[in-house]
Amino acid sequence: MVPQDSSKWEVLGSNPTRNVITYTSLIYGLCLSSRWDEVSKMLKEMKDEKLSPDVQTFSVLVDVFCKEDGYCLRGEMTKARTLFNSLMSKGLVPNVITYNTLLNGYCKYLKIEEAMHMLHEITRKGMKPDIATYNTMIHGLFRVGRCGAARKLLDEMLGQGQTPDECNYGIILDGLCNDQQVEEALSLFHLLGSNKLNSNIVVYNILIDGLCKCGNLDTARDLFHNLTVKGLHPDVQTYSIMVSGLCGKGLLKEAKHLFHKMVENGCPPDNVTYRVLLQGYLKNQHCDDVEMLLREMEGRSYSLDASTLSLLIDQIVAGSIDRSMLKLIGRLMPMN
DNA sequence: TTAGGGTTAG
């Protein structure tokens, strides 16, 4: 934790532990709480004390700049890239973590060619990409629809002796599902059987969602019921996925039943579950329960998103929902 | 006692 008033740390002035490590730790903490002015102050202080930032200090800043680039500069990544280059010009050698940080920024903003370039550079510099490098890149490739390249990289990863971890497995399953290869994802899941990788709720969520989206609700339901048999507990996302899948098939009664079961099962619906059920009702012109749901949402300080709002307006225009509900809807508008 | 990473609902 960084204290609210960093001047309290002046005590370090007479402390021999004021070194690159303590500065980097502080800068990291300040970055996490977006206290940029103090970050600049720390960097200046380091300079005054003739302490040079090391690779880790730079990695923290590259990460921060990647995120800032995404928010403020439409993911151009110019600031992060410039900083990365300046690191090298200072004679510091970026390591795999530094590369991964920049690669992650590129992937996040779908600059896949640049990300690939980073991957090649890691190898060219004689370093070994780690599981994070592969996970980041494979996910990026799937996201831009280059599924063949993603699978090729997975093979390369396995060839390098890297063992797939839970996240890697999730990325592959999700990538296959999004590429209309749910059957293949399911085969892989069955192939692994009782492997530890299959005892993760996220894996189930990915597959159940993929099955619902391709219309195979029966298999989704089977997987959902098998969760409990395996001793796993559905989480709020599992329920939301199922509610959404049931609504998509017009099975509103079953969706409503599951929705109510959530509280009973110790996993109360969240904002998203409410929105999913509401959308299901609205899309199926089932408006009886809409007001009650909206009131419950208000009671929980939940809010409406743009697409649910738009469906509500449609039903008001169509006359299926009374205009008097507009006041309630207004109170459910997000505050920011 | 310094850094990165990555999977799921709307």
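How each quantity is defined
- Throughout, a residue's number is its position along its own chain's written sequence, starting from 1.
- Numbering of ligands from 1 and lettering of chains from A proceed in the order in which they are written.
- Only residues with pLDDT of at least 70 get local features here, since the model is predicted, and only at 80 or more are side-chain atom pairs given and counted; chain-wide, interface and lining totals rely on the full set of residues.
- Side-chain numbers here rest on the full set of heavy atoms in the structure, without hydrogens or water.
- UniProt positions are given in the numbering used here, feature names are shortened, and annotations may be inferred rather than shown by experiment.
- Each helix corresponds to a stretch of at least 4 residues labelled H or I by DSSP, and each strand to a stretch of at least 2 residues labelled E; elements are numbered beginning at the N terminus.
- Domain ranges listed in this record stem from an automatic or a database domain assignment.
- Think of it this way: one heavy atom of a residue within 4 Å of a molecule or strand is enough to make that residue near it.
- In protein, a polar contact requires one atom able to donate a hydrogen and another able to accept it; more generally it is a pair of N or O atoms within 3.5 Å, and residues adjacent in sequence count only if both atoms are side-chain atoms.
- Note on residue categories: nonpolar means Ala, Val, Leu, Ile, Met, Phe, Trp, Tyr, Cys or Pro, charged means Asp, Glu, Lys or Arg, and polar means any other residue, Gly included.
- Whenever a carboxyl oxygen of Asp or Glu lies within 4 Å of a side-chain nitrogen of Lys or Arg, that contact is scored as a salt bridge.
- Classification of residues uses two cut-offs on accessible area relative to the type maximum, computed with a 1.4 Å probe and protein chains only: under 20% is buried, over 50% is exposed, and between them is partly exposed.
- Patch building starts from residues that exceed 30% relative accessible area and form no salt bridge, then joins like charges within 9 Å and nonpolar side chains (Val, Leu, Ile, Met, Phe, Trp, Tyr) within 5 Å.
- Exposure was quantified through the Shrake-Rupley algorithm and a 1.4 Å probe, taking into account, for residues, occlusion by the shown protein chains and nothing else.
- It only takes one pair of heavy atoms within 4.5 Å for two residues to be counted as in contact.
- For Phe, Tyr and Trp, where Trp contributes only its six-membered ring, two rings pair if their centres lie within 6.5 Å, and the inter-plane angle classes them as stacked under 30 degrees, edge-to-face over 60, or tilted in between.

## Observations concerning the UniProt feature "repeat: PPR" (unreviewed entry) in chain A
- As annotated in UniProt, the feature "repeat: PPR" (unreviewed entry) corresponds to residues 19–53, 95–129, 130–164, 200–234, 235–269 and 270–304 in the numbering used here.
- When the span residues 19–53 is considered, its composition is 74% helix and 0% strand, and the gap between its end C-alpha atoms is 10 Å.
- Helix makes up 66% of residues 270–304 and strand 0%, with an end-to-end C-alpha separation of 12 Å.

## Notes on the domain arrangement of chain A
- The assigned domain composition of chain A is domain 1 (27–124), domain 2 (197–269) and domain 3 (271–335).
- Relative placement of domain 1 and domain 3: their C-alpha centres are 43 Å apart.

## Some thoughts on the protein's contact with DNA strand B
- Taken together, 41 residues lie near DNA strand B, and Asn-100, Asn-104, Asp-165, Asn-205 and Arg-275 sit nearest.
- In DNA strand B, atoms within 4 Å of the protein come 45% from sugar and phosphate.
- For DNA strand B, a base oxygen lies 3.2 Å from a polar atom in the side chain of Gln-56.
- Ser-240 places a side-chain nitrogen or oxygen 2.9 Å from a base nitrogen of DNA strand B.
- For the surface near DNA strand B, the secondary structure elements donating two or more residues are α1 (20–32), α3 (55–72), α5 (96–108), α7 (131–143), α9 (166–178), α11 (201–213), α13 (236–248) and α15 (271–283).
- Class assignment for the residues of the surface near DNA strand B results in 14 nonpolar, 15 polar and twelve charged.

## Concerning the pattern of salt bridges
- Summed over the entire model, instances satisfying the criterion amount to 16 salt bridges.
- In this structure, Lys-125 and Glu-121 form a salt bridge, with 3.7 Å as the shortest nitrogen-oxygen distance.
- Between Glu-298 and Arg-331 there is a salt bridge; the shortest N-O distance is 2.5 Å. Taken together, the residues Glu-298 in helix α16 (residues 290–299) and Arg-331 in helix α18 (residues 326–331) connect sequence positions 33 residues apart.
- Judged by relative accessible area, Glu-298 falls into the partly exposed class, the value being 29%.
- In this structure, a network of salt bridges that share partners links the residues Arg-18, Glu-45 and Glu-49.

## Here's the deal with a nonpolar patch on the surface
- Taken together, the side chains of Ile-313, Val-317 and Leu-326 define a hydrophobic patch exposed on the protein surface, amounting to about 260 Å² of accessible area.
- With respect to the helices, strands and loops of the structure, Val-317 is situated in helix α17 (residues 306–317).

## Here's the deal with the environment of Ser-59
- Tracing the chain through its elements places Ser-59 in helix α3.
- Linking Ser-59 and Leu-102, residues 43 residues apart in sequence, is a C-alpha distance of 8.6 Å.
- In contact with Ser-59, not counting residues within four places along its chain, are Thr-98 and Thr-101.

## As for the packing of aromatic side chains
- The tally for this structure, following the rule as stated, stands at five aromatic pairs.
- Consider the rings of Phe-84 and Tyr-99, whose centres lie 5.2 Å apart with planes at 70°: the pair is edge-to-face. Taken together, the residues span a long stretch of sequence, with Phe-84 in helix α4 (residues 78–89) and Tyr-99 in helix α5 at a distance of 15 residues.
- Three or more aromatic residues joined by ring pairs make a cluster, and in this case those are Phe-259, Tyr-274 and Tyr-302.

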